[in-house]
Amino acid sequence: MKKKVILITGASSGIGKQTALDLLAAGYTVYGGARRVDAMSDITAAGGHALSLDVTDDASMQAAVKKVLEAEGRIDALVNNAGYGLYGAVEDIPMEAVRQQIDTNIIGLARMTQLVLPGMREQGSGRIINISSVGGTIHTPLGAYYHGTKFFVEGFTNTMRLEVEDRGIFMVVVAPGIIDTGFGDVLGEGITRHSGTGPYADIVKKMISAAQSPSAALKGSHPKVISDAIRRGIEDAKPRTIYRAGKFGRLLPLLRRLLPHRMFDRMMKFAIS
C-alpha cells in the first residue's frame, strides 16, 4: 500500500517540525512547508520534503499544493499548523499587525483548506488537522487578537465538519496547552513592544513578572505530546473532533466550562497579580 501523504504548514520549528520528524519515523510521506526552507534541513535529511510556503501569499500556497499533487497524486492529510501569537492591548496594536495576524492564523488556514479539498473529495477521503490552542477556549489578558483567531479555528473546523464529513473527510482540532516552543518569549517581547509603556503598562509588568517568577508553573510540555495527538487525528478510524494535550490543556478548558465568566476573569487576574 502506498504511504499516506501528509502536508504540514509551519514546519520549520516547534510543533510543526516535531510532527514532521515523528510522522517520517512512522513511515509517512511528509512535506513540510515554511518560509524558511533552510530551517527544514533535518526534515529532508530524515527523508521528507521541504517546500517554500508562505501562508500569507496565495501564489505560494497554490504552488505548494500543486507541487505535492504533481509528485504524489494525492494529499491524505493537511496539518494547518502555521501561526503565531500577537499580544498587547487592543488599543495599542497597529491594525497592520492585526491584519498580519489574521492573514496568518485565519486566512492562511482557510485557503490551505480550500486548496486541498477538491482532491480529497475526489478520492473520497482525507484529514484536515487544524491546530488551535487552549487559547481557543479560554481568554487571557492582552491576547484579544490571538484568542480571536483561535476561537475562529474551532468554529471554522466545527462548521466544516458538517460540510465534508459525509464525503469521507474528517475535520479535527488539536488544541495544545502550554508547550515548550519559545512561545512565552514571543509573548513577552510582543506585549512589551506594543504595551510596555502607556495606559496598560501595569498589566504588562504583572504578566512578565508572573511568567519569570521562579515559582511559575509555566514551563511547557515537549512538542512531542502534540505531535502524538496529531498522529492520532490522522490514524484513528473515527477521530475525535478535538484532541487536547499539553500542560493545562485539559484543566483550563474544564475550569472555563464550569466557572461563570466573571469568576474565570478573576482567576486570570489573580494568576498575574
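Residues numbered from 1 in each chain as written. Predicted model: local features only at pLDDT ≥ 70, side-chain atom pairs only at ≥ 80, totals over all residues. Heavy atoms only, no water.

Undergrad: Got a minute to help me understand the sheet that holds strand β2 (residues 29–34) in this structure?
TA: The pairing of strands in a sheet comes from backbone hydrogen bonds and takes either a parallel or an antiparallel form. The strand order across the open sheet built from 7 strands is β3-β2-β1-β4-β5-β6-β7, with neighbouring strands paired in parallel fashion. Bordering the open sheet on either side are β3 (49–52) and β7 (242–245), each of which pairs with just one other strand. Neighbouring strand axes in the sheet, compared pairwise and without regard to direction, differ in orientation by 20° on average. Relative to β3, β2 runs parallel, the two sharing 4 bridges. Looking across to β3, one finds that Ala 34 is bridged to Ser 52. (Pairing = 2+ DSSP bridges. Helix = DSSP H or I, 4+ residues; strand = E, 2+ residues; numbered from the N terminus. Axes fitted to C-alpha atoms, helices over the stretch in contact; angles between N-to-C directions.)

Undergrad: Whenever I open this one, the pattern of salt bridges confuses me. Can you help?
TA: Working definition: two side chains of opposite charge can pair if their charged atoms are close together. Inspection of every chain in the model, using the stated rule, returns 7 salt bridges. Two residues, Glu 70 and Lys 66, come together in a salt bridge whose shortest N-O distance is 3.9 Å. One end of the pair is Glu 70 and the other is Lys 66, both in helix α3 (residues 58–72) and 4 residues apart, which spans about a single turn. Of the charged contacts, one joins Arg 74 and Asp 76 as a salt bridge, the two residues approaching to 2.8 Å between their closest N and O atoms. (Salt bridge = Lys/Arg side-chain N within 4 Å of Asp/Glu carboxyl O.)

Undergrad: Looking at this structure, how should I read the packing of helix α4 (residues 95–123) against helix α5 (residues 144–164)?
TA: To characterise two packed helices, one gives the angle between the axes of the helices and the distance between these axes. Where α4 meets α5, the axes come as close as 10 Å, and the angle between the chain directions of the two elements is 15°. Classified by the interaxial angle, the pair formed by α4 and α5 is roughly parallel. The handedness of the crossing between α4 and α5 comes out as right-handed. Within the contact between the two elements, α4 uses Met 95, Val 98, Gln 101, Asn 105, Ile 106, Leu 109, Ala 110, Thr 113 and Leu 117 and α5 uses Tyr 145, Tyr 146, Thr 149, Lys 150, Phe 152, Val 153, Phe 156, Met 160 and Val 164. Looking at the contact of α4 with α5 residue by residue, the class counts come to 13 nonpolar, 4 polar and 1 charged. (Parallel < 35°, antiparallel > 145°, perpendicular 65-115°, else oblique. Left-handed = near helix turned anticlockwise from the far one by under 90°. Contact = heavy atoms within 4.5 Å. Nonpolar A, V, L, I, M, F, W, Y, C, P; charged D, E, K, R; others polar.)

Undergrad: Looking at this model, I keep getting lost on the nonpolar core. Mind explaining?
TA: Considering soluble globular proteins, one finds that nonpolar side chains tend to be buried as a cluster. If you look at the biggest cluster of nonpolar residues, it comprises 26 residues, and the most contacted ones within it are Leu 7, Val 65, Val 68, Ile 75, Met 112, Val 116 and Ile 128. Contributing elements (two or more residues each) for this core: β1 (5–9), α3, α4, α5 and β6 (169–176). Setting aside its immediate chain neighbours within four residues, Ile 75 contacts Val 5, Leu 7, Val 65, Val 68, Leu 69, Val 116, Met 120 and Gln 123. Tyr 28, Ala 34, Ile 131 and Val 174 belong to the second largest nonpolar core, which has 25 residues in total. (Core = buried A, V, L, I, M, F, W, Y, C linked by side-chain atoms within 4.5 Å. Buried < 20%, exposed > 50% of the residue type's maximum accessible area, 1.4 Å probe, protein only.)

Undergrad: Honestly, helix α9 (residues 251–258) in this entry has me stumped. Any pointers?
TA: Three- or four-residue spacings in an α-helix give side chains the same orientation, since the helix completes a turn every 3.6 residues. Leu 252, Pro 253 and Arg 256 are the residues of α9 that are buried. Buried residues of α9 fall within an arc of 100° about the axis and therefore sit on the same side. With respect to the buried face of α9, the exposed residues turned more than 90 degrees away are Arg 257 and Leu 258. Tucked into the core, α9 has its buried residues touching β7 and α10 (261–271). (Arc of directions from axis to C-beta.)

Undergrad: Just checking my understanding: could you explain the environment of Ser 133 for this structure?
TA: Locating Ser 133 in the fold gives a position in the loop between β5 (126–131) and α5. On the accessibility criterion, Ser 133 (7% relative accessible area) is buried. Spatially, the C-alpha atoms of Ser 133 and Gly 47 are 29 Å apart, while their sequence positions differ by 86 residues. Among residues more than four places away in sequence, those in contact with Ser 133 are Tyr 146, Lys 150, Glu 154, Val 174, Ala 175 and Pro 176. From its side chain, Ser 133 meets the backbone nitrogen of Gly 135 in a polar contact 2.7 Å long. (Polar contact = N/O pair within 3.5 Å; in protein donor to acceptor, adjacent residues only side chain to side chain.)

Undergrad: When you look at the environment of Asp 38 in this model, what are you seeing that I'm missing?
TA: Turning to its location among the elements, Asp 38 is positioned in the loop between β2 and α2 (41–45). Sequence-wise, Asp 38 and Leu 51 are 13 residues apart; in three dimensions their C-alpha atoms are separated by 9.9 Å.

Undergrad: I tried to follow the packing of aromatic side chains on my own but got confused; where do I start?
TA: Each aromatic ring pair is characterised by the separation of its centres together with the angle its planes make. Scanning the model with the defined rule gives 2 aromatic pairs in all. Look at Phe 152 and Phe 156: their rings are 5.3 Å apart centre to centre, the planes differ by 25°, and that puts the pair in the stacked class. Placement of both Phe 152 and Phe 156 in helix α5 is noted, with a separation of 4 residues, approximately one turn of the helix. (Phe/Tyr/Trp six-rings, centres within 6.5 Å; stacked < 30°, edge-to-face > 60°.)

Undergrad: Is there a simple way to think about the pairing of β1 in this case?
TA: Among the 5 residues that make up β1, 5 are buried, leaving the element largely enclosed by the rest of the structure. By the alternation rule, side chains of β1 split into Val 5, Leu 7 and Thr 9 and Ile 6 and Ile 8, which are all buried. Direction of pairing for β1 relative to β2: parallel, over a ladder of 5 bridges. The residue bridging Leu 7 from the neighbouring strand is Tyr 31, located in β2. The parallel pair β1 and β2 is bridged by helix α1 (residues 14–25), and the resulting crossover is right-handed. Across 3 bridges, the pairing between β1 and strand β4 (residues 77–80) is parallel. (Right-handed = clockwise from strand over helix to strand, strands pointing away.)

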